[in-house]
Amino acid sequence: MDPVLARQNMVKEQLRERGINDPRVLASFLEVPRHKFVEDYLKYKAYEDYPLTIGYGQTISQPYMVALMTQSLMPQAGDKVLEIGTGSGYQAAILSKLCRAVHSIERISALASRARKIHDELRYYNIYIRIGDGTQGFPKEAPFEGIIVTAGAPHVPEVLIDQLGVGGRLIIPVGSETLQELKRITKTKEGVVEESLGGCRFVKLIGKNGWGT
Ligand code: SAM
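Residues numbered from 1 in each chain as written. Predicted model: local features only at pLDDT ≥ 70, side-chain atom pairs only at ≥ 80, totals over all residues. Heavy atoms only, no water.

> When you look at the sheet that holds strand β3 (residues 80-84) in this model, what are you seeing that I'm missing?
The pairing of strands in a sheet happens through backbone hydrogen bonds and is either parallel or antiparallel. Pairing is mixed across the open sheet formed by seven strands, whose spatial order is β5-β4-β3-β6-β7-β8-β9. A strand with exactly one partner marks an edge of an open sheet, and here the two such strands are β5 (127-131) and β9 (191-200). Neighbour-to-neighbour, the strand axes of the sheet open up by a mean angle of 15°, direction not taken into account. Pairing analysis gives four bridges linking β3 to strand β6 (residues 144-149), with the strands arranged parallel. Within the sheet, the bridge partner assigned to V81 lies in β6 and is G146. The sheet contacts of helix α3 (residues 63-73) involve β3, β6, β7 (164-175), β8 (180-188) and β9, and relative to β6 the element is tilted by about 155°. Contacting β4 (101-106) and β5, helix α5 (residues 109-122) crosses the sheet at an angle of about 165° to β5. (Pairing = 2+ DSSP bridges. Helix = DSSP H or I, 4+ residues; strand = E, 2+ residues; numbered from the N terminus. Axes fitted to C-alpha atoms, helices over the stretch in contact; angles between N-to-C directions. Contact = heavy atoms within 4.5 Å.)

Listed below in structure tokens is the structure:
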């Protein structure tokens, strides 16, 4: 199928009909070519309603989950955000259309290099990928208006809340190794506000403040 049509169908059937309604978020999903972020033999499945393997035991998340996390982050044009778990680079690409700067950390160097190459080809120049343990955040660039964790954590790493500015949002799946609850944690002057965004299933967040190495 023509990728433009496939994206239109994906946005209509998988996102709009499930309550994704932020026009900027929907426009970003219409624009970013998801098929460029999956391997050749899976391209025909790139716009389907499920996650896909990207090698190394990792996945590109289901489009709806990427959209839910993106909308819940409430990204603004002037924001600097941090993503933990670059994976294919698709979530970072979506955020790059919605924010001023996207810093993204990936622990598997081969995935980080592949994502960088795709972003360069697409000329997404406001994405900065680093290799390392994202559970420690990225203090050098903090504070962030938003932090998005795209792997499942056993608990909320305190250090990530420390790296949010006041009004900043952290989106993070928290729970067991196989099943988590997606949370939004907003930092306010008075403390943190925690909301549940529903159940989800992510690969493990591996690192010092995650599942350990
Ligand atoms: N956001 C990705 C995308 O758009 O394709 C999907 C991410 S995939 C579900 C989770 C990623 O988190 C994997 O690539 C994994 O290697 C990475 N990861 C796990 N623990 C990490 C850590 N402590 N720091 C950085 N990346 C981590």
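> Is there a simple way to think about the pattern of salt bridges in this case?
Pairing between side chains becomes possible if they bear opposite charge and their charged atoms approach one another. One pass over the full model with this rule turns up 10 salt bridges. A salt bridge links D79 to R169; its shortest N-O distance comes to 3.2 Å. Separated by 90 residues along the polypeptide, D79 in the loop between α3 and β3 and R169 in strand β7 bring together distant segments of the chain. By relative accessible area, which is 7% here, D79 ends up buried. Judged by relative accessible area, which is 10%, R169 ranks as buried. (Salt bridge = Lys/Arg side-chain N within 4 Å of Asp/Glu carboxyl O. Buried < 20%, exposed > 50% of the residue type's maximum accessible area, 1.4 Å probe, protein only.)

> Explain α5 here, please?
Because an α-helix packs 3.6 residues into every turn, residues spaced three or four apart end up facing the same way. Here α5 is 14 residues long and its end C-alpha atoms lie 20 Å apart, about the 20 Å a rise of 1.5 Å per residue gives. By the burial criterion, the buried members of α5 are L111, A112, A115, I118 and H119. Buried residues along α5 cover an arc of 130° about the axis, so they all sit on one side. Exposed residues lying more than 90 degrees from the buried face of α5 are K117 and E121. Residues of α5 that are buried make contact with β1 (52-55), β2 (58-60), α4 (90-96), β4 and β5. Looking at the residues trailing α5, positive phi occurs at R123, about 60°. (Expected span 1.5 Å × (residues − 1). Arc of directions from axis to C-beta.)

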